Amino acid sequence: MARARILLLGADGQLGTELRRSLSPLGGIVPATLAGTLDGQPCERADFADPGSLPALVERVAPDIVVNAAAHTAVDRAESERDLAWRINADAPGALADACARRGAWLVHYSTDYVFDGNGTRPYREDDPPAPPGVYGASKLAGEDAVRASGARHMIFRTAWVYAAHSHNFLRTMLRVGAERDVLRVVADQVGTPTPAALIADVTAHALQHPPAGSGTWHLTPTGQTSWHGFAEAIFAGAVERGLLPRAPKVEPITTADYPTPAARPAYSVLDTRRLRADFGVALPSWQDGLGRVLDQLARDAG
């Protein structure tokens, strides 16, 4: 793909921050945020709670590629904010996709393991029937459907358990709480694949440099699987090894029933990535290697 004009939505978020890095060699990035500022400087404003405002933004920026890293990701709050979650996760992507279709622009959109019910016993494939257990997953699935129905050229990447060296996520919460407590209780009966935002961003850049012949949906996570308990123990072991924590707290396993939440969590959300690896020729790291790279970054930043 020739040097492109890229509209990056949600540019200040966990994934958007990594996409600013990975997409910069591909062309000129026009960032957009809800506040209309980025790192203290003015940028484009994109209010996903007002989907009708987004087509005008696309027309004004006139991008070759739109990358949508914005979403309502507060899974529990979505249960009590259904209308807001639907506007942000379903209606807004549909409006963006329609605008991209009119311009002939590519749309990159991200979705989630929560489109599945979590009762599976093998990694979910892209064509497995979705059955979201709550509002968040249902709104994200509706967003996928709206993108597909628009006729826009698109790539939808479903991912899971996203974290980074920055922003608010499980890794950073564990490092903060682990420094304060001797014992933690973490859910051990939910299984998935922790995914660094940097990996999603790097694969996105690769996919845009080697675009597929047609639109599609791909699953994007590292390889392997673990529980939240296993992820926490690996975080603490790696943090101690790198001098990020003086000692590892004891991590006691608990069940989902021991930690009730407003939204149901999928018990099993491992995604099958064979289609992604075949179509784009990418080698995916293990989740352990992905974690190691993020912890290495934190150690470098701390040093």
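A. Structural detail: the sheet that holds strand S7 (residues 106–112). Read from one edge to the other, the open sheet built from seven strands follows the order S5-S2-S1-S6-S7-S8-S13, with strand pairing classed as parallel. Both outer strands of the open sheet, strand S5 (44–45) and strand S13 (216–219), are each paired with one neighbouring strand and no more. Here strand S8 (residues 153–159) runs beside S13; their pairing, made up of four bridges, is parallel. Looking at the pairing, Phe 157 lines up with Trp 218 of S13. Set on the sheet, helix H4 (residues 82–103) makes contact with strand S1 (4–9), strand S6 (65–68) and S7; between it and S7 the angle comes to about 160°. Most of the contacts of helix H5 (residues 135–150) go to S7, to which it runs at about 160°, and overall it touches S7, S8 and S13.

B. Seen up close, the pattern of salt bridges. Applying the stated criterion to the full structure yields 16 salt bridges. Of the charged contacts, one joins Arg 158 and Glu 144 as a salt bridge, the two residues approaching to 2.8 Å between their closest N and O atoms. Note that Arg 158 is positioned in strand S8 and Glu 144 in helix H5, a separation of 14 residues in sequence. The exposure classification of Arg 158 matches that of Glu 144, with both residues buried. Among the ionic pairs, Lys 250 bridges to Glu 252, the shortest N-O distance being 3.9 Å. With relative accessibility at 28%, the residue Glu 252 sits in the partly exposed group. Among the charged side chains, a salt-bridge network with shared partners connects Glu 144, Asp 145, Arg 148 and Arg 158.

C. Molecular detail of the environment of Ser 139. As for its position among the elements, Ser 139 is in helix H5. Taking relative accessible area as the criterion, Ser 139 reaches 0% and is therefore assigned buried. Note: C-alpha distance between Ser 139 and Ser 111 (28 residues apart in sequence) is 9.9 Å. What Ser 139 contacts, discounting residues up to four positions off in sequence, is Ala 85, Trp 86, Asn 89 and Ala 90.

D. Quick peek at helix H7 (residues 197–209). For H7, with 13 residues, the first-to-last C-alpha span of 19 Å sits near the 18 Å given by 1.5 Å per residue. Along H7, the positions that sit buried rather than exposed are Ala 197, Leu 199, Ile 200, Ala 201, Val 203, Thr 204, Ala 205, Ala 207 and Leu 208.

E. Molecular detail of the packing of helix H8 (residues 228–241) against helix H10 (residues 287–302). Between H8 and H10, whose axes approach to 10 Å, the crossing angle comes to 45°. Classed by the angle they form, the pair H8 and H10 counts as oblique. Viewed along their axes, H8 and H10 form a crossing whose handedness is right-handed. Between H8 and H10, the residues in contact are Gly 230, Phe 231, Ala 234, Ile 235, Gly 238 and Ala 239 and Trp 287, Leu 291 and Leu 295, respectively. A per-class count over the contact of H8 with H10 returns seven nonpolar, two polar and no charged.

F. Structural view of the side chain of Ser 150. Positionally, Ser 150 belongs in helix H5. Residue classification places Ser 150 among the buried positions, given a relative accessible area of 17%. At 3.0 Å, the side chain of Ser 150 forms a polar contact with the backbone nitrogen of Ala 152. Ignoring sequence-local partners within four residues, the contact set of Ser 150 consists of Ala 97, Asp 98 and Ala 101.

G. Representation of the environment of Gln 297 in the model. Turning to its location among the elements, Gln 297 is positioned in helix H10. A sequence separation of 132 residues divides Gln 297 from Ala 165, and the C-alpha atoms of the two residues are 7.0 Å apart.

H. Looking closely at the state of the cysteines. In this structure the tally under the stated criterion is zero disulfides. Cys 43 takes part in no disulfide bond, and the closest cysteine sulfur, belonging to Cys 100, lies 18 Å away. Since its relative accessible area comes to 1%, Cys 100 is described here as buried.

Rules used throughout
- Residues numbered from 1 in each chain as written.
- Predicted model: local features only at pLDDT ≥ 70, side-chain atom pairs only at ≥ 80, totals over all residues.
- Heavy atoms only, no water.
- Pairing = 2+ DSSP bridges.
- Helix = DSSP H or I, 4+ residues; strand = E, 2+ residues; numbered from the N terminus.
- Contact = heavy atoms within 4.5 Å.
- Axes fitted to C-alpha atoms, helices over the stretch in contact; angles between N-to-C directions.
- Salt bridge = Lys/Arg side-chain N within 4 Å of Asp/Glu carboxyl O.
- Buried < 20%, exposed > 50% of the residue type's maximum accessible area, 1.4 Å probe, protein only.
- Expected span 1.5 Å × (residues − 1).
- Parallel < 35°, antiparallel > 145°, perpendicular 65-115°, else oblique.
- Left-handed = near helix turned anticlockwise from the far one by under 90°.
- Nonpolar A, V, L, I, M, F, W, Y, C, P; charged D, E, K, R; others polar.
- Polar contact = N/O pair within 3.5 Å; in protein donor to acceptor, adjacent residues only side chain to side chain.
- Disulfide = S-S within 2.5 Å.

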